[in-house]
Amino acid sequence: MGNYYQEEFETMPVEEIKKLQSEKLVKQVKHVYDNVEYYRNMMDEKGVKPEDIHGIEDLHKLPFLSKADLREAYPKGLLAVPQDDVVRIQSTSGTTGKRVIAYYTQHDVDLWEECCARAIVAVGGTKEDVCQVCYGYGLFTGGPGLNGGSHKVGCMTLPMSSGNTERQIQFMMDLQSTILCCTPSYAAYIGETLKEQGYKPEDIPLKAGIFGAEPWTEEMRHSIEETMGIKAYDIYGLTEISGPGVSFECQEQTGMHINEDHFLAETIDPDTGEVLPEGSVGELVFTCLDKEAFPMLRYRTRDLCILSREKCSCGRTFIKMKKPQGRSDDMLIIRGVNVFPSQIETVLLKEGYTPNYQIVLDRENNTDTFDVYVEYTPEDGDDVVKNITAREKKLQERMKTMLGINPKVHLAEPKSITRSEGKAVRVIDRRKLH
Ligand code: ADP
Ligand code: ZN
């Protein structure tokens, strides 16, 4: 209990949250219909008018928006306010194609930063903390979002941005940072460098990390927690909906609470669009309830996950989303079998390897080739050299059990796989070139 930034909302009884969502939705649909021609046309095509929406029970009547719509309406087709009310733009990292642009009024920036402040407070952050933000700054939402949240909480904020790991560590030690915000892959890299420099977990001033912007596994969480002697919390978000802080983990660490007073979540069957009951895996869909400039209605994220409204010991009533497995477009289809990079990560960390790996796909004689490069650590050195074939075979078997197909595993020398300072690139798919 305790640790809220906006207790009134974070612990609001579920029925009241739903009432609030309904009131906001009715207003928001009208705002969008009146101001966004692109979406008005979509509603007209579906035969839905703002008057048909009386509350969240009518949400299913609204059309979905997809990334393709955002690209089609690029750059300003979904802007819902006059441009002179806009104070900021951000843009996606372009992981899966052409970037899209999101717009913010001052109200939208405040709302977003408050969501990030909730996340910081939920991990125990207070104004006494020193918060080191090493998500990228600039167009990417990670840096600006957590930076704003950290200011709102009143932490001393270190706007480091990503990269220059030596300097990150120097500032961390000199200024005694207590909260670290970055991608999990960069956290792992910072942890690895700290270890190399001889720091033990007890020498590291950090107490918590807020890591997100890419999928990561429970195994990776444990490994980061152990190396740095911290608690590692997940945070989720996407530029289209605002940025990090759409949902955040509390101290229970069993999924992320969605900021439901601002974002209404559904899960749908990605093939049919049918709304799924809580508890089943589906594609996450968000409706922004009170954003002004870029108010997405029923935006399909392509992230696959489960929603659950179990009671949480932290006292928050917001629905939780389980860690997304990856997005539908991260899923690899290899020789007809569905594979998520996160499954490979799970195997590696369970077998005592580091999260430094890369998957290379190609095509030979009309068949997919599937190679996984895995680094061994300097401590493994001698043993690996003596037993390389046996070790590769063992990993290969473990992966076959997990995935149902057989990769070719290659143990690679320490440091041979490029480290990530932002979102990790796990897959090189050369099949597309054929
Ligand atoms: P891009 O779509 O170009 O990567 P964003 O930077 O807006 O643009 O990234 C948002 C996406 O990042 C989400 O849709 C999701 O796939 C992924 N993501 C963000 N946070 C997490 C998280 N905590 N766990 C898993 N995936 C995440
Ligand atoms: Zn909780």
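All figures in this text were calculated on a predicted structure; none of them were measured in a lab.

**Q** Hey, could you run me through the overall build of the protein in this one?
**A** Summing up its helical and strand segments, the protein has 11 helices and 21 strands in all. Expected size for 434 residues packed as a compact globule is a radius of gyration near 22 Å; at 22 Å, the protein falls within 12% of this value. The dimensions of the protein, computed from C-alpha atoms along their principal axes, are 75 × 60 × 40 Å. Expressed as a percentage of the 434 residues in the protein, the buried residues total 57%. The long-range fraction of contacts in the protein, counting pairs at least 24 apart against all pairs at least 6 apart in sequence, stands at 66%. Each charge sign in the protein was given a centre, from 52 positive and 69 negative side chains, and these centres are 2 Å apart.

**Q** What exactly am I supposed to notice about helix α7 (residues 165-175) here?
**A** For the α-helix, the turn length of 3.6 residues means that residues three or four positions removed from each other point alike. Buried within α7 we find Thr-165, Gln-168, Ile-169, Met-172 and Met-173. Each buried residue of α7 sits inside an arc of 120° when the element is viewed along its axis, so together they form one side. Facing away from the buried surface of α7 by more than 90 degrees, the exposed residues are Glu-166 and Asp-174. Tucked into the core, α7 has its buried residues touching β3 (130-133), β5 (179-182) and α8 (184-196). Gln-176 occupies a position one or two residues after α7 and carries a positive phi of about 55°.

**Q** I'm lost on the sheet that holds strand β10 (residues 263-268) in this one. Help?
**A** Each strand in a sheet pairs with another by means of backbone hydrogen bonds, the pair being arranged parallel or else antiparallel. Taken in spatial order, the four strands of this open sheet run β10-β11-β12-β15, and their pairing is antiparallel. Each of the sheet's edge strands pairs with one partner strand only, and the pair in question is β10 and β15 (326-327). Pairing analysis gives six bridges linking β10 to strand β11 (residues 282-288), with the strands arranged antiparallel. Bridge pairing in β11 links Leu-264 to Thr-287.

**Q** Looking at this structure, how should I read helix α5 (residues 106-122)?
**A** In this model, α5 (17 residues) spans 24 Å end to end at C-alpha, consistent with the 24 Å of a helix rising 1.5 Å per residue. With 13 of 17 residues buried, α5 is to be regarded as a mostly interior element. Just downstream of α5, Gly-124 is the residue with a positive phi angle, here 100°.

**Q** Would you take a moment to explain the coordination of the zinc ion (ligand 2) for this structure?
**A** Reference geometry at the metal: tetrahedral coordination by four donors gives ideal angles of 109.5 degrees; octahedral coordination by six donors gives 90 or 180 degrees. Ligation of the zinc ion (ligand 2) by protein atoms is provided by Cys-250 (SG), His-257 (NE2), Cys-312 (SG) and Cys-314 (SG), these donors lying 2.1 to 2.3 Å from the ion. One can describe the site at the zinc ion (ligand 2) as tetrahedral: its four donor atoms subtend angles covering 104 to 114° at the metal. Motif for the zinc ion (ligand 2), donor spacing along one chain: C-x6-H-x54-C-x1-C. With His-257 in strand β9 (residues 256-258) and Cys-314 in the loop between β13 (307-308) and β14 (320-321), the pair connects residues that are 57 residues apart, well separated along the chain.

**Q** Explain the environment of Ile-56 here, please?
**A** Following the sequence through the fold, Ile-56 ends up in the loop between α3 (37-46) and α4 (67-72). Put simply, Ile-56 and Leu-264 are 208 residues apart on the chain and 8.7 Å apart in space, counted from C-alpha to C-alpha. With near-sequence residues (within four places) excluded, Ile-56 lies in contact with Lys-18, Gln-21, Ser-22, Leu-25 and Leu-264.

**Q** When you look at the pattern of salt bridges in this model, what are you seeing that I'm missing?
**A** Counted according to the given criterion, the structure contains 31 salt bridges. Put simply, Lys-67 and Glu-240 hold a salt bridge, and the shortest N to O gap is 3.3 Å. Taken together, the residues span a long stretch of sequence, with Lys-67 in helix α4 and Glu-240 in the loop between β7 (231-238) and β8 (243-249) at a distance of 173 residues. Judged by its relative accessible area of 9%, Lys-67 is buried. In this structure, Glu-351 engages Lys-394 in a salt bridge whose closest nitrogen and oxygen atoms are separated by 3.3 Å. Separated by 43 residues along the polypeptide, Glu-351 in the loop between α10 (341-350) and β18 (357-364) and Lys-394 in helix α11 (residues 381-403) bring together distant segments of the chain.

**Q** Any chance you could explain unusual backbone geometry here in plain terms?
**A** Note that the residue after Tyr-74, namely Pro-75, is joined by a cis bond; omega there is -5°. Here Pro-75 shows up in the loop between α4 and β1 (88-91). The phi torsion at Ser-161 lies on the positive side, around 65°, for a residue other than glycine. Within the secondary structure layout, Ser-161 lies in the loop between β4 (156-159) and α7. In this structure Ser-161 comes out as partly exposed when scored by relative accessible area, which is 21%.

**Q** Explanation requested: the environment of Lys-393 in the structure shown.
**A** Here Lys-393 shows up in helix α11. Separated by 17 residues in the primary sequence, Lys-393 and His-410 place their C-alpha atoms 9.4 Å from one another.

**Q** I keep staring at the state of the cysteines and nothing clicks. Help me out?
**A** When the sulfur atoms of two cysteines share a covalent bond, that bond is a disulfide. In this structure the tally under the stated criterion is zero disulfides. Looking at Cys-116, it has no disulfide partner, and the nearest cysteine sulfur is the one in Cys-115, 6.9 Å off. Note on Cys-116: relative accessible area 0%, which makes it buried. Looking at Cys-288, it has no disulfide partner, and the nearest cysteine sulfur is the one in Cys-115, 10 Å off.

Conventions and cut-offs
- Residues numbered from 1 in each chain as written.
- Chains lettered and ligands numbered in written order.
- Predicted model: local features only at pLDDT ≥ 70, side-chain atom pairs only at ≥ 80, totals over all residues.
- Heavy atoms only, no water.
- Helix = DSSP H or I, 4+ residues; strand = E, 2+ residues; numbered from the N terminus.
- Rg over C-alpha atoms; globule rule 2.2 N^0.38 Å.
- Buried < 20%, exposed > 50% of the residue type's maximum accessible area, 1.4 Å probe, protein only.
- Contact = heavy atoms within 4.5 Å.
- Lys, Arg positive; Asp, Glu negative; His and termini not counted.
- Charge placed at Lys NZ, Arg CZ, Asp CG, Glu CD.
- Arc of directions from axis to C-beta.
- Pairing = 2+ DSSP bridges.
- Expected span 1.5 Å × (residues − 1).
- Donors = N, O, S within 2.8 Å, 3.2 Å for Na, K, Ca; no water.
- Tetrahedral: all angles 85-135°; square planar, octahedral: opposite > 155°, others 65-115°.
- Salt bridge = Lys/Arg side-chain N within 4 Å of Asp/Glu carboxyl O.
- Disulfide = S-S within 2.5 Å.

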